[in-house]
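Structural overview for review
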Amino acid sequence: MKERNKGRVTKDGIRVYEEADFEGMRKAGRVAAQILDEMIEHVVPGTTTERLDEIITNKVEAAGAKSATIGYKGYRHASCISVNHVVCHGIPGPKKLKEGDILNIDVTVIVDGWYGDTSRMYVAGKPSRKAERLMQVTHDALMVGIEAVKPGNTFGDIGAAIQRFVESHRMSVVRDFCGHGLGRVFHAPPNVLHYGRPGTGAVLEEGMFFTIEPMVNLGRPETKVLADDWTAVTRDKSLSAQYEHSVGVTADGAEIFTLSPAGRFHPTWE
């Protein structure tokens, strides 16, 4: 990292972090990813999302971390759990998971002041063929977006790569929600769109930290937020999936802070 970059904020309001700050993000990301690894065995038909959230709450505490979502704008849970046609921000509750349900679990923890934010897909039982394909395309879209991360590229390059990939599989990218900058704060500039035009938006620089978290629908991209002011669903009731990593821009690409320690982030099942 060049000395001139230390502590700098770009004209677009994006903080450029120091090389030493990468270690803080690694620790926070590892804790969040480890918790999601440990949730795999608990996602089974018959359990409830509030039970899953209770387990997550206990795991966050056991890790010596703090939940970033409990108390955030009045939210009361350590996770967002979004089932089937819920796009994001699903509130844990008493409804039981059914065979074949797909769900995204999104966890953000604070470790020594650094935020680790990640989400991935799970299945209660065995997924349908269309659900499995949706999750695979969404996972691969995230990785395509991460491949576009390197100094000199733009945030528009990331969004365009994701959109092009998703639409080539005849699925749609949600426009209403996006990734975000993070570090010692939960949400910061920039907004990381998962669609767009190459060469547009702010230019990527070494030391930027942000999430990439595409939401992909089997049907149309439109969403609506329910009366609880949190839960976002697909307007056409089609299935939706999401994968999220926290990343940092390096000299020649991206470092993923939230890699699965067990190698279980990829949507594969026996």
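Owing to the predicted nature of the structure, the values given are computational and were not obtained by experimental measurement. (Residues numbered from 1 in each chain as written. Predicted model: local features only at pLDDT ≥ 70, side-chain atom pairs only at ≥ 80, totals over all residues. Heavy atoms only, no water.)

So, the overall build of the protein
Stated formally: Think of it this way: any DSSP run of H or I at least four residues long counts as a helix, any run of E at least two long counts as a strand, and we number them from the N terminus. This radius of gyration counts C-alpha atoms alone. The globule rule is 2.2 Å times how many residues there are, raised to the power 0.38. Only protein chains enter the area calculation, which uses a 1.4 Å probe; residues under 20% of their type maximum are buried, those over 50% are exposed, and those in between are partly exposed. Contacts are residue-level and defined by heavy atoms, with any inter-residue pair within 4.5 Å sufficient. Surface accessibility follows the Shrake-Rupley procedure with a 1.4 Å probe radius. Residue values consider only the protein chains on display as shielding. A residue counts as positive if it is Lys or Arg and as negative if it is Asp or Glu; His and the chain ends are not included. A single reference atom marks each charge: NZ on Lys, CZ on Arg, CG on Asp, CD on Glu.
Within the protein one finds four helices and 17 strands. Radius of gyration (C-alpha) of the protein: 18 Å, near the 18 Å computed for a compact globule of 270 residues. By principal-axis analysis of the C-alpha atoms, the protein measures approximately 55 × 45 × 40 Å. The proportion of buried residues among the 270 residues of the protein is 54%. Within the protein, counting contacts between residues at least 6 apart in sequence, those at least 24 apart form 70% of the total. Entry remark: accessible area of the protein is about 12000 Å², with carbon and sulfur atoms responsible for 49%. Between the averaged position of the 33 positive side-chain charges in the protein and that of its 35 negative side-chain charges there is a distance of 4 Å.

Digging into the packing of aromatic side chains
Each aromatic ring pair is summarised here by two numbers: the centre-to-centre distance and the angle between the ring planes. Counted only if it meets this: The rule is short: rings of Phe, Tyr and Trp, with Trp giving its six-membered ring, pair when the centres are within 6.5 Å, and they are stacked under 30 degrees, edge-to-face over 60, tilted in between.
All chains considered together, the criterion is met by eleven aromatic pairs. Aromatic pair Trp114 and Phe209: ring centres 6.5 Å apart, planes at 70°, arrangement edge-to-face. With Trp114 in strand 7 (residues 114-123) and Phe209 in strand 11 (residues 209-212), this pair connects stretches of sequence that are 95 residues apart. Accessibility classification places Trp114 together with Phe209 in one group, the buried group.

Observations regarding the confidence of the model for the protein
The condition is simple: pLDDT runs from 0 to 100 and stands for how confident the predictor is about each residue.
This prediction gives the protein a mean pLDDT of 95; 96% of its residues lie at or above 70. Counting interchain partners and residues more than four positions distant, the pLDDT-below-50 stretch residues 1-5 has nine contacts.

Re the pairing of strand 11
The criterion, for reference: In this analysis, strands are considered paired if DSSP registers two or more bridges between them.
Along strand 11, one buried face is formed by Phe209 and Thr211 and the opposite face, lined by Phe210 and Ile212, is buried too. Pairing between strand 11 and strand 16 (residues 245-249): four bridges, direction antiparallel. Within the sheet, the bridge partner assigned to Ile212 lies in strand 16 and is His245.

Section: the packing of helix 3 (residues 129-147) against helix 4 (residues 155-168)
Convention followed: Here the axes come from fitting lines to C-alpha atoms, over the contacting stretch only for helices, and the angles between their N-to-C directions go from 0 to 180 degrees. Orientation labels follow simple angle bins: below 35 degrees gives roughly parallel, above 145 gives roughly antiparallel, 65 to 115 gives roughly perpendicular, and whatever is left gives oblique. When the near helix sits turned anticlockwise from the far one by under a right angle, the crossing is termed left-handed; a clockwise turn instead gives a right-handed crossing. We call Asp, Glu, Lys and Arg charged. Ala, Val, Leu, Ile, Met, Phe, Trp, Tyr, Cys and Pro are nonpolar, and the rest, Gly among them, are polar.
Running from N to C, helix 3 and helix 4 cross one another at 150°; their axes reach a closest spacing of 8 Å. Classed by the angle they form, the pair helix 3 and helix 4 counts as roughly antiparallel. Between helix 3 and helix 4 the crossing geometry is right-handed. Counting all contacts with helix 3, which are made through Val137, Asp140, Ala141, Val144 and Gly145, the residues of helix 4 involved are Ile158, Ala161, Ile162, Phe165 and Val166. Considering only residue class, the contact of helix 3 with helix 4 consists of eight nonpolar, one polar and one charged.

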